[in-house]
Amino acid sequence: MRYSSLLRSDQTLFRDPEVFESTYTPEHLHHRDAQVRELAFLIRPALRGASPMNAILRGPPGTGKTTTVRRVFAEVAAETRRVVPVYVNCRQDHTLLAVYRCISRHLSGYAPPSRHLDDVREVIAARLRERDARLLVCLDDADYLIAAGTYNVLLYQLLRLYEGWSDLRGAGVFAVTSDLALNLYAEADGPVRSVFHPTEVNFWPYTKTEIRGILSDRVRQGLYPGVVPATVLDLVVEMTAGEQDVRVGIALLRQACLQAEGDSRRRVTRKDVMDVVAGVGSPALAARTTGLSSGERALLYRIAEQSLSGAEMMAGAVFEEVQDYLAVGKTTYHARLRRLADAGIIDLLHTGKGYEVFLRYAPDEVFAACARGGPGDQSPGCPRKG
Ligand SMILES: Nc1ncnc2c1ncn2[C@@H]1O[C@H](COP(=O)(O)OP(=O)(O)OP(=O)(O)O)[C@@H](O)[C@H]1O
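Procedures and definitions
- Residues numbered from 1 in each chain as written.
- Predicted model: local features only at pLDDT ≥ 70, side-chain atom pairs only at ≥ 80, totals over all residues.
- Heavy atoms only, no water.
- UniProt positions renumbered as here; feature names shortened; annotations may be inferred.
- Helix = DSSP H or I, 4+ residues; strand = E, 2+ residues; numbered from the N terminus.
- Buried < 20%, exposed > 50% of the residue type's maximum accessible area, 1.4 Å probe, protein only.
- Contact = heavy atoms within 4.5 Å.
- pLDDT = per-residue confidence, 0-100.
- Near = heavy atom within 4 Å.
- Polar contact = N/O pair within 3.5 Å; in protein donor to acceptor, adjacent residues only side chain to side chain.
- Nonpolar A, V, L, I, M, F, W, Y, C, P; charged D, E, K, R; others polar.
- Domains from an automatic or database assignment.
- Axes fitted to C-alpha atoms, helices over the stretch in contact; angles between N-to-C directions.
- Parallel < 35°, antiparallel > 145°, perpendicular 65-115°, else oblique.
- Pairing = 2+ DSSP bridges.
- Left-handed = near helix turned anticlockwise from the far one by under 90°.
- Arc of directions from axis to C-beta.
- Core = buried A, V, L, I, M, F, W, Y, C linked by side-chain atoms within 4.5 Å.

Draft legend 1. Main features of the UniProt feature "binding site: ATP" (unreviewed entry) in the chain. In the numbering used here, UniProt assigns the "binding site: ATP" (unreviewed entry) feature to T63, G64, K65, T66, T67, Y206 and R218. One can find T63 in the loop between β1 (55–58) and α2 (65–79). According to the relative accessible area criterion, T63 is buried, its value standing at 0%. Leave out the neighbours within four places in its chain, and T63 touches R32, F203, W204, P205, Y206 and Q244. Its place among the elements puts T67 in helix α2. Given the relative accessible area of 26%, T67 is considered partly exposed. The contact partners of T67, leaving out residues within four places of it in the chain, are P26 and L29.

Rendered as structure tokens:
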């Protein structure tokens, strides 16, 4: 290796590390013009004082549903005060109170002081009245509302806001899901369907060329020139297309760059990318575990063990079981569990008895992914029990 190709220890390959974070909003939204136009069309009646129209947004994970809605909502908020667009992440907020508190916080700019549902709804109504505005709510990952048993009540109340306050119009609802087997319209009961006439907006998986465009843009914005050679990008595009999830490509690029940076190299190689996925059958799992903290990874490891042993997978039972290994309280445990669900590694399904934990990947793949460690993680991989 030539000396000039080595980085000094205080140098970095990242021009802007934020670009690879899950919270980053891309400067340019590629290949979603049709969906943006469709959503804008549905919102337009609200600019003339009517209710916004409703939509169901469907598409596999990582196809830009959240990014598109956030982009459209930001433009609406910048252009008019007559429509209040509120984004709700239903993975986090799926009780009635949590959703209404989120809407109220958005409208008032601070958390509602009361924890009583009626009080919170009154505040929302008062703010909408003051502004003479129409409410538009995006329920992202609406499947979590179905699991929590709040989907129909919430839709009914939002779409018929005028039943509580005769001077208000019904809200518009954009319900989002990445579960293609789920029909959000069919999940609505009769009273909801009589007012819920959603337009279906589909987010198809990106083609390879489209993925290449999106990832090249990230590379340009986040890394110094020349860090990712074209052949390396080709490999990442190939793997991302296989998984049909842009998030996978972004995470692979970030992790491969961290590896090159750790070795003080100025360029990422195909081997860096292969090393990230080595031993883990699925590039998606490798990518999804790279951002986890050591605590989250340790919990994931235990969940894989539980799953392998055929033990009960209710969240409460898993908590009891992991107590022997991970000294964490319930709040931390649930926060880590939610993080694993957000990363798309586990599913938390609501049953009559509480939440059941489902591992999306084979336990052996998970062991391999956990053992690899993550950025800034000093701890060794999790030892197997017994
Ligand atoms: N068209 C695009 N242009 C630029 N970046 C994109 C585009 N589509 C997706 N991304 C990026 O891919 C990642 C995943 O996108 P996003 O969260 O919007 O997908 P999603 O369809 O909502 O996924 P999920 O169903 O899992 O919530 C984000 O980092 C986002 O910035």
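Draft legend 2. Representation of the confidence of the model for the chain within the structure. For the chain, per-residue confidence averages 89 on the pLDDT scale, and 95% of positions sit at 70 or higher. Averaged over each element, pLDDT in the chain is lowest for strand β6 (residues 346–351) (82) and highest for β1 (98). Confidence over residues 375–386 falls short of pLDDT 50; this stretch has 22 contacts with residues more than four positions distant or in other chains.

Draft legend 3. Seen up close, the site of the ligand. Around the ligand, the surrounding shell holds 19 residues, and the nearest of these are H30, T66, T67, Y206 and R218. In this structure, G64 approaches the ligand through a main-chain N or O atom, which is 3.1 Å from an oxygen atom. Counting only elements with at least two residues in the shell around the ligand, the list comes to α2, α9 (208–222) and α11 (246–262). Counted by class, the shell around the ligand contains eight nonpolar, eight polar and three charged residues. For the shell around the ligand, the domains that each give at least three residues are domain 1 (3–23 + 206–278) and domain 2 (33–202).

Draft legend 4. Local environment of the packing of helix α14 (residues 294–309) against helix α16 (residues 330–342). Between α14 and α16, the least distance of the axes is 10 Å, while the angle of their chain directions is 80°. By the criterion of interaxial angle, the relationship of α14 to α16 is roughly perpendicular. Seen from α14, the contacting residues are G295, E296, L299, L300 and I303; seen from α16, they are Y333, R336, L337, R339 and L340. Its residues placed into classes, the contact of α14 with α16 shows six nonpolar, one polar and three charged.

Draft legend 5. Structural view of the sheet that holds strand β3 (residues 134–140). Ordered by their spatial adjacency, five strands build an open sheet running β2-β3-β4-β1-β5, and the pairing between neighbours is parallel. Whereas interior strands pair on both sides, the edge strands pair on one side only; in this sheet they are β2 (83–89) and β5 (199–202). Going across the sheet, the axis of each strand differs from the next one's by a mean of 15°, ignoring polarity. Helix-sheet contacts for α2 involve β1, β2, β3 and β4 (172–177), and the interaxial angle to β2 is about 155°. Contacts from helix α6 (residues 151–159) reach β3 and β4, with the element oriented near 160° to β3.

Draft legend 6. Seen up close, the domain arrangement of the chain. Split by domain assignment, the chain resolves into domain 1 (3–23 + 206–278), domain 2 (33–202) and domain 3 (292–371). The distance between the C-alpha centroids of domain 1 and domain 3 comes to 29 Å.

Draft legend 7. Summary view of the packing of helix α15 (residues 315–322) against α16. At their nearest, the axes of α15 and α16 sit 11 Å apart, and the two run at 115° to each other. You can see that α15 and α16 cross each other, and the crossing is right-handed. Of the residues in α16, those touching α15 at A315, V318, F319 and V322 are K330, Y333 and L337.

Draft legend 8. Summary view of unusual backbone geometry. The backbone of D132 sits at a positive phi, close to 50°, despite the residue not being glycine. For D132, the position within the fold is in the loop between α4 (117–131) and β3.

Draft legend 9. Spatial organisation of the UniProt feature "domain: ORC1/DEAH AAA+ ATPase" (unreviewed entry) in the chain. According to UniProt, the "domain: ORC1/DEAH AAA+ ATPase" (unreviewed entry) feature falls on residues 55–163. This span, residues 55–163, is 56% helix and 17% strand, and a straight line between its end C-alpha atoms measures 21 Å.

Draft legend 10. Representation of α6 within the structure. Buried residues of α6: Y151, N152, L154, L155, L158 and L159, and no others. Summarising the axial view, the buried residues of α6 lie within an arc of 165°, below the 170-degree limit, and thus occupy one face. Looking at the buried side of α6, the elements it contacts are α3 (96–108), β3, α5 (143–148), α7 (161–164), β4 and α8 (190–193).

Draft legend 11. Just the side chain of H94, in detail. Residue position: H94 is located in the loop between β2 and α3. Looking at H94, the relative accessible area reads 15%, which means it is buried. For H94, the side chain forms a polar contact with the main-chain oxygen of R91, separated by 3.3 Å. A polar side-chain atom of H94 sits 2.9 Å from a polar atom in the side chain of Y355. Sequence-distant contacts of H94, that is, excluding residues within four places in its chain, are made with V99, Y144, L145, A148, T150 and Y355.

Draft legend 12. Structural detail: the nonpolar core. Core analysis: the largest hydrophobic core is formed by 106 residues, its most contacted members being I103, L139 and V228. If you tally residues by element for this core, the top one is α11, at nine residues. Ignoring sequence-local partners within four residues, the contact set of V228 consists of V219, L223, L233, L253, C257 and V268. By size, the runner-up hydrophobic cluster in this structure holds 18 residues, among which are V69, F73, C138 and F203.

Draft legend 13. The side chain of D217, seen in detail. You can see D217 is positioned in helix α9. Beyond its immediate stretch of four places on either side in the chain, D217 contacts H28 and H30.

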